[in-house]
Amino acid sequence: MPVMHRNVRYNCRVIFLNRKILLIRPKMALANEANYHELRWFTPWSRSRHTEEYFLPRMIRDLTTQETVPFGDAVLATWDTCIGSEICEELWTPHSPHIDMGLDGVEIVTNASSSHHVLRKADTRVDLVTMATAKNGGIYLLANQKGCDGDRLYYDGCAMIAMNGSIFAQGSQFSLDNVEVLTATLDLEDVRSYRAEISSRNLAASRASPYPRVKVDFALSCHEDLLAPVSEPIEWKYHSPEEEISLGPACWLWDFLRRSQQAGFLLPLSGGVDSAATACLVYSMCCQVCEAVRSGNQEVLADVRTIVNQSSYTPQDPRDLCGHILTTCYMASENSSQETCSRARELAQQIGSHHISLSIDPAVKAVMGIFSLVTGKSPLFAAHGGSSRENLALQNVQARIRMVLAYLFAQLSLWSRGVRGGLLVLGSANVDESLLGYLTKYDCSSADINPIGGISKTDLRAFVHFCTERFQLPALQSILSAPPTAELEPLADGQVSQTDEEDMGMTYAELSVYGKLRKVAKMGPYGMFCKLLGMWRHIWTPRQVADKVKRFFSKYSMNRHKMTTLTPAYHAENYSPDDNRFDLRPFLYNTGWPWQFRHIENQVLQLERAEPRSLDGVD
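As the structure is a prediction and not an experimental result, all values here were calculated from the model. (Residues numbered from 1 in each chain as written. Predicted model: local features only at pLDDT ≥ 70, side-chain atom pairs only at ≥ 80, totals over all residues. Heavy atoms only, no water.)

Moving on, we get to the sheet that holds strand 16 (residues 326-332). Read from one edge to the other, the open sheet built from 4 strands follows the order 17-16-15-18, with strand pairing classed as parallel. Of all the strands in the sheet, the pair left with one neighbour each is strand 17 (354-359) and strand 18 (424-425). Bridge count between strand 15 (residues 265-268) and strand 18: 2 bridges; the pairing is parallel. Of the residues in strand 18, the one forming a bridge with F265 is L424. (Pairing = 2+ DSSP bridges. Helix = DSSP H or I, 4+ residues; strand = E, 2+ residues; numbered from the N terminus.)

This is the structure we're talking about:
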């Protein structure tokens, strides 16, 4: 909780027992990168192993009958052990407090954490906790928040109890339960014997500076505990990335739906992988809701009844629940193929959504008619002899009209069926398309929320394949086999003439590489070129690598402004371009990158002159 001490605001752990405050422990390392900006609000406590008197406010003093309590970096000494606290980010720092606390005899370390979910992150948490207890011995209790933070992050639980390098209890990683209690029975003598055998640890401990100790008139154990069976080590069960996608964003969707008090979702379903993946996430959410209700979760049941506005409704079947809360809409144009229409309809039938098919052509013709009336000109597609500017404008007007219709049907489709409430519009632009800006500003990628906006195309395809078997949705097979396309240009003999990767000039697999190097490795054009020379030396020539890097950075910088209006998306990938709080970069660049591109070109010329020497020998 936030605590003001001497007019400075600290982020604190308040530890209390039987209506008495034992210690206020301020956070010493603040998270101030990526999604977190704690220094905006708080100041870190910088006085290691130091405490001061904190004068309690009168309203607290009346409850606890205490005038002052210790404030600062201290540990608790009970009759039988010593307990210390870390707070969230402190576990991740190079010199974590648990190291010095363990050397000073602290046997139990607790951590109240707020660690958000990112794909493939759970193993990092487990490694940090197990290594903390393997090197120094001791018991580590990690609690983590659960649920949506009211924004783009989802906290996935994943609590754990570890001792001496082994895990003894694992909490659920994704759950609709608001609270979960994790327990294990451990023997403190195992900690003491483990530590006694590590001579290097004991030498360091003999020189350790002591922590202030707060004496607590309490014991965690008693004589009868001698007969209590102790817990055994367990092997951590990890979810696959596909399972993480099916669970994390689905829980996030549920939190958004129940908190917003809307009646469900509306999803523009195009028949492609991205919108199909979004539909599968809503179906996965319905599966989790039904499972929670079957398990006796009364809070989830009450929320469902509020959402569907039926006081006696009890969800039994995910398809039935999906029919109540998901409306899918296929918005055809003269450029749409019959195949995508059929794929969208089949998937909607299999998940049970209320499905609508409509044509946007009358609206498109009306808008273009206004333009022609005012200007006296009629733009043409490139296939009909038009310029690239005309071609792009004709594509964009279709995409933007779909956004207008999506919001119209979200507000009124339930009303037209005699049902109360409105719907949240779901977006379905993946992280790779957002990174490149391969989307129309204010088209149907503009929505209320986007559950796949932080997930790569590669992971989405693997997730859709996973859903084919997990949820028995055969319609997904034909969706996976079709080439990704926006279907915004005229068909050629009734067949799709436009594909996403051809439009972008690069593959989705390449985009994932660019995204990780740009954001995670912090590389600009020249650094990325140098890195890719080695990574792709057996695939592309230096000239081809240079052309690819230049094309990516030109497109990225040209379209960066689109990130300022990007639909709020579930944060699942560490190369997300979301500029709201995660990727705080400019949106106005010199799109020519003259200095960087000139150095790339000079390097390419040097390498070409040095041929036919193998690039393997290039420094």
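Still more ground to cover, so stick around.
With that settled, consider helix 6 (residues 241-260). It helps to recall that an α-helix has 3.6 residues per turn; residues three or four apart then point in one direction. With 20 residues, helix 6 extends 28 Å from end C-alpha to end C-alpha; this agrees with the ideal 28 Å at 1.5 Å per step. For helix 6, a buried count of 14 out of 20 residues is recorded, marking the element as mostly surrounded by other parts of the structure. Directly beyond the C-terminal end of helix 6, a positive phi value near 60 degrees is found at Q261. (Expected span 1.5 Å × (residues − 1). Buried < 20%, exposed > 50% of the residue type's maximum accessible area, 1.4 Å probe, protein only.)

We now examine helix 10 (residues 338-351). Compared with an ideal rise of 1.5 Å per residue, which puts 14 residues at 20 Å, helix 10 spans 20 Å between its outermost C-alpha atoms and is within 8% of the ideal. Buried residues of helix 10: T340, C341, S342, R343, A344, L347, A348 and I351, and no others. Residues of helix 10 that are buried make contact with helix 7 (273-294), helix 9 (318-325), strand 16, strand 17 and helix 15 (475-481). The positive-phi residue at the C-terminal boundary of helix 10 is G352, with phi of around 90 degrees. (Contact = heavy atoms within 4.5 Å.)

Further remarks concern the environment of D578. Relative to the assigned elements, D578 resides in the loop between helix 19 (542-559) and helix 20 (594-610). For the pair formed by D578 and T564, sequence separation is 14 residues and the distance between their alpha carbons is 7.9 Å. A polar contact of 3.1 Å, which involves the side chain of D578, links it to the backbone nitrogen of N580. (Polar contact = N/O pair within 3.5 Å; in protein donor to acceptor, adjacent residues only side chain to side chain.)

Turning our attention to the sheet that holds strand 7 (residues 82-87). Sheet architecture is open: 7 strands sit in the order 13-12-9-8-7-6-14, paired in mixed fashion. Each edge of the open sheet is held by one strand with a lone partner, namely strand 13 (166-170) and strand 14 (213-215). Neighbour to neighbour, the strand axes of the sheet diverge by 20 degrees on average, direction disregarded. Here strand 6 (residues 75-77) pairs with strand 14 via 3 bridges, running parallel. (Axes fitted to C-alpha atoms, helices over the stretch in contact; angles between N-to-C directions.)

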